[in-house]
Amino acid sequence: MTGLLRRIGGSLNDFFRWSGGLFILFLRAVWVAPQRPIGVSDLSHQTLTVGIRSMPMATLMSLFVGMILVWQFGEALADFGAKQSLGYASSLALVRELIPALLAVTVGSKMATGMTAELGSMKVTEQIDAIASLGADPVKKLVWPRFFAATLAMPLLVAWGNIMALLGGMFISDAVFDVPAGYFYETYIDELIPIHYISGIVKATVFGAIAGIIGCYQGFMTKFGTEAVGLATTETVVAVSIAVVIADFALTTLFLPI
Amino acid sequence: MSATDPPPIISMRGVSKSFGANVVYQGMDIDVYRGETLTILGGSGTGKSVALKLMIGLLRAEEGSVQVNGEEVSEMGAESLRKLRQDLSMVFQGGALFDSMSVLENVGYALTEHTQMSDAEILDRAEECLEMVGLGLSENPDILEKFPANLSGGMRKRVALARSIAIKPAVILYDEPTTGLDPPNCDRISMMIRHLQEQLSVTSVVVTHDIDTAFHVSDRMAMLHEHRFPWVARTEDFRQIRDEVVRDFIVRRTR
């Protein structure tokens, strides 16, 4: 019993240390952001790299999720003779919830693990120490551009994902349920009001920030040895997935009553 | 050193540092004087490199004082540390060159960070530094555009050396500069350290377990044993130390 309590205590202690470290890194990244030099080339390079590298995955995921969801809803609605409502039924779930959350868990994890692996390798080969020893701030040089890039790229990818999901839905609606793609489009858009887009984009921004800061923190905390880089990246996937789901619940609670 | 000598440029007093249960230093003292080359000897994994990282403020001592030019490193803020690192430069064990940057960008990194030099001036300085470490453009015409992955181990160490001297530091800290190199490259690096010290009058602290390099480059030598430096002496005096631990290390004897 004592051993069990000690283990639980140890895990809680680790969790609070980790969360505290993550929060401090976030504050430091935001603090150094306005300091000169602004590092426009680092910011744009990271944003383009993170965003463009994630485009194929975001496109594929969104297209297929759009098709799958509309197909599933279509089967259910057809039983009630309500397949003309396919656009109304699927738009809210996709725009408010599925596209932001799914892209955060998949594309966000991909971004974060890339950052962890890159920064972890730099830590192991003392490149982070080298940056500091040459008088630069590693948080400004490495963390801030990646955090910024993930926070900016994720809502853009979600906006793109929404278009892809809509196209996927139009295709299935027309091809499988004989509901014209144009009609599906009109009903889909008709159901949405600005707050639905806003909630999706706010969620995506928060998820991007979560992925960026966890990816960087895990990279900085990587222990020595190549095995440690692998372990840190695996932990990043778990941490990003859990953090995104919890943040999603909190944001849904916030936005749904509106 | 006698009482009439100038104050040390780096002074560590009563320093303790540990990583979890692993105690590296306990009540450690050592001084580094301007213009000298001090070599820190000791077995692998005993924490010699930690001394360098404490000097340049990459690590903080749990107890004791680490002073550079009379200023306490642990009390320095970001700006003071930035200035400290213009005076103190470190050459890392594996070179720690930035993989995503070319040789030119690596060598010019500190200049970009600390100075208002133009790209042309940085290029000139990078060429000059590479020349000093034996990687002149006459023999290596495409060296500036190369990336670390395309360099040999010896070349990487020399580029790292060029990067550390680009800002014209007063002190260079070398972490295992010859580890992993073949004998000719070891000699080349040792000669270069000596040459750079004579040419640039820099103070050098060299961490190594390579006794040949140590005797070649040092003015004074210190040996790490049981978390302290019990033996610190001028190179010629260090050779005469009769203690078994030092003798075993010098003659590479195992018991």
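Up top you'll find the structure we're talking about.
The rules behind the values
- Residues numbered from 1 in each chain as written.
- Chains lettered and ligands numbered in written order.
- Predicted model: local features only at pLDDT ≥ 70, side-chain atom pairs only at ≥ 80, totals over all residues.
- Heavy atoms only, no water.
- Phe/Tyr/Trp six-rings, centres within 6.5 Å; stacked < 30°, edge-to-face > 60°.
- Lys NZ or Arg CZ within 6 Å of the ring centre and 35° of its normal.
- Pairing = 2+ DSSP bridges.
- Helix = DSSP H or I, 4+ residues; strand = E, 2+ residues; numbered from the N terminus.
- Axes fitted to C-alpha atoms, helices over the stretch in contact; angles between N-to-C directions.
- Contact = heavy atoms within 4.5 Å.
- Salt bridge = Lys/Arg side-chain N within 4 Å of Asp/Glu carboxyl O.
- Buried < 20%, exposed > 50% of the residue type's maximum accessible area, 1.4 Å probe, protein only.
- Patch = residues over 30% accessible without salt bridge, like charges linked within 9 Å, V, L, I, M, F, W, Y side chains within 5 Å.
- Areas by Shrake-Rupley, 256 points an atom, 1.4 Å probe, with all protein chains shown as cover.
- Buried area = accessible area lost by both parts, 1.4 Å probe.

**Brief notes about the packing of aromatic side chains**
Within a pair of aromatic rings, the relevant descriptors are the distance that separates the centres and the angle that separates the planes.
All names here are of chain B.
So, point 1. Per the counting criterion, the structure on display carries nine aromatic pairs over all chains.
So, point 2. Residue placement shows Arg163 over the ring face of Phe98; its charged tip is 4.7 Å from the ring centre.
So, point 3. Against the face of Phe215 rests Arg239, its NZ or CZ located 4.0 Å from the ring centre.

**Structural notes on the sheet that holds strand β10 (residues 228-234) of chain B**
Pairing between the strands of a sheet comes from backbone hydrogen bonds, and it takes one of two forms, parallel or antiparallel.
Residues and elements named next belong to chain B.
So, point 1. Pairing is mixed across the open sheet formed by six strands, whose spatial order is β6-β7-β8-β3-β9-β10. Looking along the sheet, the strands with just one partner apiece sit at the ends: β6 (88-91) and β10. Pairs of neighbouring strands in the sheet enclose a mean axial angle of 15 degrees, with direction left out of account.
So, point 2. Pairing between strand β9 (residues 220-225) and β10: five bridges, direction antiparallel. Across the sheet, the residue bridging to His225 is Arg228, located in β10.
So, point 3. Taken strand by strand, helix α6 (residues 153-165) contacts β6 and β7 (171-175), and its axis lies near 175 degrees from that of β6.

**Regarding the sheet that holds strand β4 (residues 63-68) of chain B**
Residues and elements named next belong to chain B.
So, point 1. In space, the four strands of this open sheet follow the order β2-β1-β4-β5, with antiparallel pairing throughout. At either end of the open sheet lies a strand with only one pairing partner, and these are β2 (22-32) and β5 (71-72).
So, point 2. By the bridge criterion, seven bridges tie strand β1 (residues 10-19) to β2 in an arrangement that is antiparallel. Bridging from a neighbouring strand, Lys17 pairs with Tyr25 of β2.

**With respect to the pattern of salt bridges**
So, point 1. A complete count under the given rule lists 17 salt bridges over all chains for this structure.
So, point 2. In this structure, A:Lys141 and B:Glu113 form a salt bridge, with 3.1 Å as the shortest nitrogen-oxygen distance. Of the two residues, A:Lys141 is situated in helix α5 (residues 138-177) and B:Glu113 in helix α4 (residues 109-114); the pairing between them involves two chains.
So, point 3. Overall, A:Lys141 belongs to the partly exposed group, its relative accessible area being 23%.
So, point 4. Classification of B:Glu113 as buried rests on a relative accessible area of 14%.
So, point 5. In this structure, B:Arg125 and B:Glu128 form a salt bridge, with 3.2 Å as the shortest nitrogen-oxygen distance. Of this pair, B:Arg125 and B:Glu128 both sit in helix α5 (residues 119-132), three residues apart, roughly one helical turn.
So, point 6. Here the salt bridges do not stand alone but share partners, grouping A:Asp42, A:Lys141, B:Arg82 and B:Glu113 into one network.

**A short note on the pairing of β4(B)**
Walk down a regular strand and you will see the side chains alternate between the two sheet faces.
All names here are of chain B.
So, point 1. Relative to β4, β1 is paired through five bridges, and the arrangement is antiparallel. Looking at β4, one finds that Ser11 is bridged to Gln67.
So, point 2. Pairing of β4 with β5 involves two bridges; the strand directions are antiparallel. Across the sheet, the residue bridging to Gln67 is Glu72, located in β5.
So, point 3. Between β4 and β5, which pair antiparallel in sequence order, lie two residues; one of them, Asn69, sits at a positive phi of approximately 50 degrees.

**Some remarks on the side chain of A:Arg146**
So, point 1. Secondary-structure assignment places A:Arg146 in helix α5.
So, point 2. The contacts of A:Arg146, once residues within four sequence positions are left out, are A:Gln46, A:Met115, A:Glu118, A:Leu119, A:Lys141 and A:Cys216.

**Let's talk about a nonpolar patch on the surface**
So, point 1. Taken together, the side chains of A:Met1, A:Leu4, A:Leu5, A:Ile8, A:Leu12, A:Phe15 and A:Phe16 present a nonpolar region at the surface, about 780 Å² in accessible area.
So, point 2. Within the secondary structure, A:Phe15 sits in helix α1 (residues 2-32).

**Remarks on the interface of chain B and chain A**
Interface size is commonly expressed as the accessible surface area that is lost when the partners come together.
So, point 1. Each side of the interface is counted separately: chain B has 19 residues, and chain A has 12 residues.
So, point 2. Carbon and sulfur atoms make up 56% of the surface buried where chain B meets chain A, a total of about 1,400 Å² over both sides.
So, point 3. When the buried surface of chain B facing chain A is broken down by residue, B:Phe92, B:Phe98 and B:Tyr109 rank first, second and third, together holding 32% of it.
So, point 4. For the pair chain B and chain A, the interface holds three salt bridges.
So, point 5. Within the residue set of the side of chain B that touches chain A, elements represented by two or more residues are α2 (78-87), β6 and α4 of chain B.

Don't take any of this as a statement about function, it's just geometry.
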